[in-house]
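Okay, here's what each chain looks like letter by letter:
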Amino acid sequence: MNKWISICLMFFCSLLHSQHQIEFSHEAGFYNEPFYLKLKVEEGKLFYSDENNFDKEKKVFPDSLLIDKTRAISLLISFADSVRKLGSFSYFIGFNTNLKVVSISIDNDFLFNTYKGIYVKGPRAYFDTIANHYRNVNWERNWERENFVEIFNEKGERIVSQNSGIKIFGGMTKYLPEKSLRLIARKKYGQNRFKADLFNTGDNKYKQFVLRNSGGDYRSLRFRDAFMTSLASESGLDVQESSPAHVFINSEYWGIYNIREKINEYFIDNHYSCGTTGVDLLRKYNEVEEGTVNDYNKLLKFVQNNNLKLSSNYTEVQKMIDTRNFINFWIHQIFYANHDVRGNIRFWKSDSLDGRFRWIVYDTDLGFLLNLVASDLLKDFTSEYMTDWYNPKWATFLLRNLLKNEEFKKEFIHQSSYLLSSTLSTDYLLERINEFKQLYDDEMRIHFKDRKKFQNYQGNYKRWEESITEIQTFAEKRDEFSLLHLERKFKLNKPYYLDMKIENYNNGKVILNNNELKLESFFGSFYSEFELPINIEAEIGYSYIGYLDSTIKGESGDTLNITIRFIENKESEIDVIINEINYVDDCFEIYNREENELDLSEWIILDKNNNNYKIKNLILKERSFAVFHYSDTINKIDSVEYRKIGFRLSSSDEEVSLYDTANQLVDRINYKFTESKKSYARNIPFKEFDGIKVDWSNVEQSTIGFHNRIYTDRLEEIRLRENERKRKIRKIRITSFIVGAILITSFFF
């Protein structure tokens, strides 16, 4: 009964909604000139509010409303005995930007009222002279207020439009005059996720996101953390995605904030598709944010009680920690001279993955400071003693103990050398800083000129430019100091230099110390104390020449010049063809035209997206078919070999290639359709047959597993012609025999 009541209610609500459809003369968005907004509704009465609080302010919507400046209005419709909020709609007049824009509509009292405002001290606040900040303030409370949030992307399209909750976000940064904000999607507000492309990475579902003011960097760059975490992400480290945006609250401009992911179990699920259960998310020493601390305590206990110089013990640690992730995390933090990493450290594991702990780079606002460019944080973060507030023994425990293991130490030195020669090199850093400068430059002029004046000092554009110069100077000097600190810590000789050139680099991979080189050249410094692992992998259909060893060994001070060339392999002489591709049912067939059976084991099938399938245990008889299929529902023929593949086939644009064990191309078929039918098929399985030349066509019928109709029909015609020929020959022979017999008989008689 309840089910039918729910259905009826849903029908009634949808009917009510359809009756209250509103026609807008202007959709929410960006306009160059003022205009009159007109709204039309068939039934009911419209009201609007400028603060999204109709109990506090409710005005009848006039025939037309002048929009002559940036303005957000909230709408409500009254019909009979019911009222319904329609959400908020933001209009921006003469506001030109290349960034996203966030507009929040909220009861102003929820922010600034003494008793219920989340942004103010409140009536019971007092100043703590020891801590040097206020206590018992409103923004410390776990208060959440309802609001309506809209987000417009860089094209001006509204990608988020929904009710949500809002909270103050941050630790010590809550005490700054300007605070970060957290937006939360909950069912009670209407939707339990924000479903949008918040970070230009494709649509995703977010439980929460943060409007971050850049923390301690809020009066200077406004992108310090976004810049450093973007660098860390290039080494595969987990970071909060970031996207700069102008923020308006109740039509008032608040400046540039960074839309950031909120680190929680939903963050882990979004990045690893592992679900939200079975996740341990910890911070600082061992504070739990999600899950339990049990496994982490087991890790600490194991490291404490076992000698990590022994390979067997290190192997056990590798089962509990992603050591490459851990190494990359500390190399970046040390390079950034981020002495605040002690408190801003988060790490996690998921039972749905491999159960190993990984570290997240976040809140690096105290990194890249020019006065710390020469600081030896490698020494401090590996010290057995607390040398300053930022390196208590618990914070350095894992790193300094793992460095007792020779394999880990070698990996740490190799990886430091690689990163200091690539994504942490001066040239690359200056290039990335310039990208951020170009992205933010014009927008920061707006930020400093027009933003809300709710603090005594907000910085200025000149100071912003000076901050750019400071991080550029840091980038120019830091790698030299880092190499010096590395050599001093591990007592290394001066490095050797590796100058590597990669020809046709798109046709293969060169991997140094498990790092794939992305460009056609690489220049780096490494140390002769350890051989550098190198792995070269040619793409399917290619091979390489130039370097064959699995390690690189150089002498201190030398320069090694290595050139690697990827070359295309010649085509195979084996006579196997792709005969038909059924792109609707995601299957295709190959045909053995040889006069003998073939072993196709280890052959490779490749599609245009580089999905590949390696054939296992397949002996294909002469003049026989093999079918490769994605779906299990395919109809099978007894005389045909079948193998299941793990990728689908495009019905519009595809390329399928077949390679033998020598990595030589056996056959390749590609197509591009404007009309989807059924199959792309050969007419005959040969180049030419009985006067017919081979041709491919997009057809309505599939003949997967057996020959196509044109060929079988022609075979039938040939059979009939041959039978007719034989019949005529027999007839002639019989006639000749009869005539001969008659002649012979006549002769004797």
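Position labels on residues start from 1 in each chain and follow its written sequence. Under the rules for a predicted model, residues below a pLDDT of 70 receive no local features and side-chain atom pairs below 80 are neither given nor counted, while totals for whole chains, interfaces and linings still include all residues. With hydrogens and water set aside, each side-chain value is computed from the structure's full complement of heavy atoms.

1. Considering the overall build of the chain
Move 1: Every helix listed is a DSSP run of H or I at least four residues long, and every strand listed is a run of E at least two residues long, numbered separately from the N terminus. Of the regular secondary structure elements, the chain holds 13 helices and 47 strands.
Move 2: Relative to a compact globule of 749 residues, whose C-alpha radius of gyration would be 27 Å, the chain shows 35 Å and is clearly more extended.
Move 3: Along the first, second and third principal axes, the C-alpha atoms of the chain reach 150 × 85 × 50 Å.
Move 4: Categorising residues by exposure relies on relative accessible area from a 1.4 Å probe, with only protein chains included: less than 20% of the type maximum marks a residue as buried, more than 50% marks it as exposed, and the intermediate range marks it as partly exposed. Looking at the 749 residues of the chain, the share that counts as buried comes to 50%.
Move 5: Here the contacts in the chain between residues at least 6 apart in sequence split such that 62% fall between residues at least 24 apart.
Move 6: Surface accessibility follows the Shrake-Rupley procedure with a 1.4 Å probe radius. Residue values consider only the protein chains on display as shielding. For the chain, the accessible area works out to roughly 37,200 Å², and carbon and sulfur atoms hold 48% of it.
Move 7: The convention is simple: Lys and Arg are positive, Asp and Glu are negative, and His and the chain ends are not counted. Charge coordinates come from a single atom per side chain, which is NZ of Lys, CZ of Arg, CG of Asp or CD of Glu. For the chain, the separation between the mean place of its 104 positive charges and that of its 110 negative charges on side chains is 4 Å. C-alpha atoms define the radius of gyration in this analysis, and the globule rule sets the expected value at 2.2 Å times the number of residues to the power 0.38. Any two residues whose heavy atoms approach within 4.5 Å at even a single point are treated as in contact.

2. Side note on the packing of aromatic side chains
Move 1: The aromatic pairing rule takes the rings of Phe, Tyr and Trp, using the six-membered ring of Trp, and pairs them if the centres are within 6.5 Å, calling planes under 30 degrees apart stacked, those over 60 edge-to-face and the rest tilted. What the rule picks out here adds up to 62 aromatic pairs.
Move 2: Taking the centre distance of 4.9 Å and the plane angle of 45° together, the rings of Phe 223 and Tyr 440 count as tilted. Taken as a pair, Phe 223 in the loop between strand S18 (208-212) and helix H3 (224-233) and Tyr 440 in helix H11 (residues 426-450) lie far apart in primary sequence, 217 residues in all.
Move 3: Tyr 440 sits in the buried class, given a relative accessible area of 1%.
Move 4: Measuring from ring centre to ring centre gives 4.8 Å for Phe 326 and Trp 359, while their planes differ by 65°; the resulting arrangement is edge-to-face.

3. Here we look at the side chain of Ser 230
Move 1: Locating Ser 230 in the fold gives a position in helix H3.
Move 2: In protein, a polar contact requires one atom able to donate a hydrogen and another able to accept it; more generally it is a pair of N or O atoms within 3.5 Å, and residues adjacent in sequence count only if both atoms are side-chain atoms. Within the local environment of Ser 230, its side chain forms a polar contact with the backbone oxygen of Phe 227, the two atoms lying 2.6 Å apart.

4. Quick notes on the pattern of salt bridges
Move 1: Between Lys or Arg on one side and Asp or Glu on the other, a salt bridge is scored when a side-chain nitrogen of the former is within 4 Å of a carboxyl oxygen of the latter. Scanning the entire structure with this criterion turns up 58 salt bridges.
Move 2: Its salt-bridge partner being Lys 59, residue Asp 50 comes within 3.1 Å of it at the nearest N-O pair.
Move 3: The shortest N-O distance in the salt bridge between Lys 56 and Glu 51 comes to 3.0 Å.

5. Focus: a nonpolar patch on the surface
Move 1: Only residues whose relative accessible area exceeds 30% and that take part in no salt bridge are eligible for patches, with like-charged residues grouped when within 9 Å of each other and nonpolar side chains (Val, Leu, Ile, Met, Phe, Trp, Tyr) grouped when within 5 Å. Residues Ile 734, Phe 737, Ile 738 and Ile 742 make up a contiguous nonpolar surface patch of roughly 440 Å² in combined accessible area.
Move 2: Structurally, the position occupied by Ile 734 is in helix H13 (residues 709-748).
Move 3: Relative accessible area serves as the criterion here: at 52%, Ile 734 is assigned to the exposed category.

6. Some remarks on the environment of Asn 592
Move 1: By the secondary structure assignment, Asn 592 is in strand S35 (residues 587-592).
Move 2: In this structure Asn 592 comes out as buried when scored by relative accessible area, which is 0%.
Move 3: Distance from Asn 592 to Ile 574, taken between C-alpha atoms, is 9.0 Å for residues 18 residues apart in sequence.
Move 4: The residues contacting Asn 592, other than those within four sequence positions of it, are Asp 575, Val 576, Glu 597, Leu 598, Leu 620, Lys 621, Glu 622, Arg 623 and Ser 624.
Move 5: At 3.2 Å, the side chain of Asn 592 and the backbone oxygen of Leu 620 are in polar contact.
Move 6: For Asn 592, the side chain forms a polar contact with the main-chain oxygen of Lys 621, separated by 3.1 Å.

7. Here we look at the nonpolar core
Move 1: By nonpolar core is meant a set of buried Ala, Val, Leu, Ile, Met, Phe, Trp, Tyr and Cys residues that side-chain atoms within 4.5 Å join together. Ranked by size, the top nonpolar core spans 118 residues in total, and within it Phe 223, Phe 368, Leu 398, Phe 412, Met 500 and Ile 552 carry the most contacts.
Move 2: The element that contributes the greatest number of residues to this core is helix H12 (residues 461-490), accounting for 9 residues.
Move 3: Those residues within four positions of Phe 223 in sequence are excluded, and the remaining contacts are Ser 214, Asp 217, Asn 258, Phe 436, Tyr 440, Trp 464, Ile 468 and Ile 471.
Move 4: Of all hydrophobic cores here, the second largest spans 29 residues; its members include Ile 118, Leu 198, Ile 249 and Trp 254.

8. Structural notes on the sheet that holds strand S31 (residues 542-545)
Move 1: Ordered in space as S29-S26-S33-S31, the 4 strands form an open sheet in which the pairing is mixed. The two strands at the open ends of the sheet, each matched to only one other strand, are strand S29 (521-526) and S31. With direction set aside, neighbouring strand axes in the sheet form an average angle of 20°.
Move 2: Two strands pair if DSSP finds at least two bridges between them. Alignment of strand S26 (residues 496-503) against S29, held across 6 bridges, turns out to be antiparallel. Bridge pairing in S29 places Leu 498 opposite Gly 524. Lines are fitted to the C-alpha atoms to define the axes, a helix being fitted only along its stretch in contact, and any angle between axes, read from their N-to-C directions, falls within 0 to 180 degrees.

9. A closer look at H11
Move 1: Along its 25 residues, H11 runs 35 Å from first to last C-alpha, staying within 8% of the 36 Å computed at 1.5 Å per residue.
Move 2: Working definition for bend: take the seven residues up to and ending at a residue and the seven starting at it, fit an axis to each, and measure the angle between the axes. If you look at H11, its biggest bend is around 45°, right at Asp 441.
Move 3: Taken residue by residue, H11 has Thr 426, Leu 429, Arg 432, Ile 433, Phe 436, Tyr 440, Asp 441, Glu 443, Met 444, Ile 446, His 447 and Phe 448 as its buried positions.
Move 4: On its buried face, H11 sits against H3, strand S20 (242-249), strand S21 (252-261), helix H7 (323-335) and H12. A helix is expected to reach a length of 1.5 Å times the quantity of its residues less one.

10. Looking at the pairing of strand S23 (residues 287-290)
Move 1: As defined by bridge partners, strand S22 (residues 279-283) adjoins S23 across 3 bridges and the pair is classed as antiparallel. What sits directly across from Leu 282, in S23, is Val 288.
Move 2: Once S22 ends, the chain turns through 3 residues before running back antiparallel as S23, passing Lys 284 with a positive phi of about 55°.

11. Focus on the pairing of strand S13 (residues 145-152)
Move 1: A large share of S13 lies buried, amounting to 7 of its 8 residues.
Move 2: In this sheet, S13 lies alongside strand S10 (residues 100-105) in antiparallel orientation, the contact comprising 5 bridges. Bridge pairing in S13 links Ile 104 to Val 149.
Move 3: With 8 bridges connecting them, S13 and strand S14 (residues 158-169) associate as antiparallel partners. From the neighbouring strand, Glu 146 faces S14, where its bridge partner is Gly 165.
Move 4: Here S13 hands over to S14 after 5 residues, with Gly 156 in that stretch at a positive phi of 85°.

12. Digging into helix H5 (residues 294-305)
Move 1: In this model, H5 (12 residues) spans 16 Å end to end at C-alpha, consistent with the 16 Å of a helix rising 1.5 Å per residue.
Move 2: Within the span of H5, buried status applies to Tyr 296, Leu 299, Leu 300, Phe 302 and Val 303. End-on view of H5: buried residues confined to an arc of 160°, all on one side of the axis. For H5, the exposed residues lying more than 90 degrees away from the buried face are Lys 298, Lys 301, Gln 304 and Asn 305. Note that the arc is defined by the directions from the helix axis to the C-beta atoms.

13. Digging into unusual backbone geometry
Move 1: Unusually for a residue other than glycine, Asn 610 sits at a positive phi of about 65°.
Move 2: If you trace the backbone, Asn 610 turns up in the loop between strand S37 (604-607) and strand S38 (612-614).
Move 3: Located in the positive-phi region is Asp 690, a residue other than glycine, with phi close to 50°.

14. Regarding the side chain of Asn 338
Move 1: If you trace the backbone, Asn 338 turns up in the loop between H7 and strand S24 (346-350).
Move 2: With a relative accessible area of 0%, Asn 338 lands in the buried category.
Move 3: Engagement of the side chain of Asn 338 in a polar contact is seen with the side chain of Gln 333, the distance being 2.8 Å.
Move 4: Asn 338 has contacts with Gln 333, Asp 363, Thr 364, Leu 366, Gly 367, Leu 377 and Phe 381, leaving out every residue within four places of it along the chain.

Purely spatial values, then, with no claim about function.
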